[in-house]
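Structure assessment
Listed here are the chains, written in short residue letters.
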Amino acid sequence: MGAAYFYHLTRRPLEEVLPQLLERSLKQGWRVLVRGRNARRIEALDLHLWTYSDDSFLPHGLAGGEQDAAQPILLTAENMGADGRPCLMSVEGADVTAEEVAAAERVCVIFDGSDLAALDRARTQWRTLTRAGAQAQYWSEENGQWEKKAES
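Concerning the layout of surface pockets
- Approximately 290 Å³ is the volume found for the largest pocket.
- Lining the largest pocket are 20 residues, with Glu92, Ile110, Phe111, Asp112 and Ala118 sitting closest to its centre.
- Counting residues per element, the ones that place at least two in the lining of the largest pocket are helix H1 (14-27), strand E6 (106-112) and helix H4 (116-131).
- Among the elements that take part in the lining of the largest pocket, H4 stands out by supplying five residues, more than any other.
- Of the residues assigned to the lining of the largest pocket, the class counts are ten nonpolar, two polar and eight charged.
- Here the second largest pocket defines a volume of roughly 180 Å³.
- Surrounding the second largest pocket, Tyr5, Tyr7, Leu21, Arg24, Ser25, Gln28, Trp30, Met89, Arg106, Cys108, Trp139 and Trp146 form its lining.
- Among the elements of the structure, strand E1 (3-9), H1 and E6 are those that each provide at least two residues to the lining of the second largest pocket.

Quick word on the environment of Trp50
- Here Trp50 shows up in helix H2 (residues 39-51).
- Accessibility expressed as a relative area gives 41% for Trp50, which makes it partly exposed.
- Expressed as a C-alpha distance, the spacing of Trp50 and His60, which sit ten residues apart in the sequence, is 8.6 Å.
- Not counting the four nearest positions on each side in its chain, Trp50 is found in contact with Phe57, Leu58 and His60.
- A distance of 3.3 Å separates the side chain of Trp50 from the side chain of Asp46, its partner in a polar contact.

Analysis parameters
- Residues numbered from 1 in each chain as written.
- Predicted model: local features only at pLDDT ≥ 70, side-chain atom pairs only at ≥ 80, totals over all residues.
- Heavy atoms only, no water.
- 1 Å grid on protein atoms, 1.4 Å probe; cavity = no way out; pocket = protein on both sides within 12 Å on 5 of 7 lines; lining within 4 Å.
- Points joined across faces, edges and corners; volume = space filled by probe spheres on them.
- Helix = DSSP H or I, 4+ residues; strand = E, 2+ residues; numbered from the N terminus.
- Nonpolar A, V, L, I, M, F, W, Y, C, P; charged D, E, K, R; others polar.
- Buried < 20%, exposed > 50% of the residue type's maximum accessible area, 1.4 Å probe, protein only.
- Contact = heavy atoms within 4.5 Å.
- Polar contact = N/O pair within 3.5 Å; in protein donor to acceptor, adjacent residues only side chain to side chain.

See below:
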């Protein structure tokens, strides 16, 4: 049974944090589905992941291609299932179910702490998932490094 890790962004934007989380996930041997709510935003993240660092490469693709099943990291704005991928990352308030948390090694819910709507959405997701029996952890970077602040 997996757990949902809620990452509260307070110092850095998604564009800085997401590549680091993806690199760590690949080091664990996990294939990852990154699920967003806005196709244009997912396309922008796709472009960013190709150019974010001269020192690193994150193999990935946008959902809807012939090679989706082979992609180590698949980005989508659709509410598609993780298809056996051990890690699901929700950005911009994309939906996650308790069943997905139970089936995955890890679910990451990444939200912008300076956006009140995103904060409210993350709180609702926390309540919904934990009431359904999912394990959850809350992580914050407010002190300059990631610290676990709460656990259900």
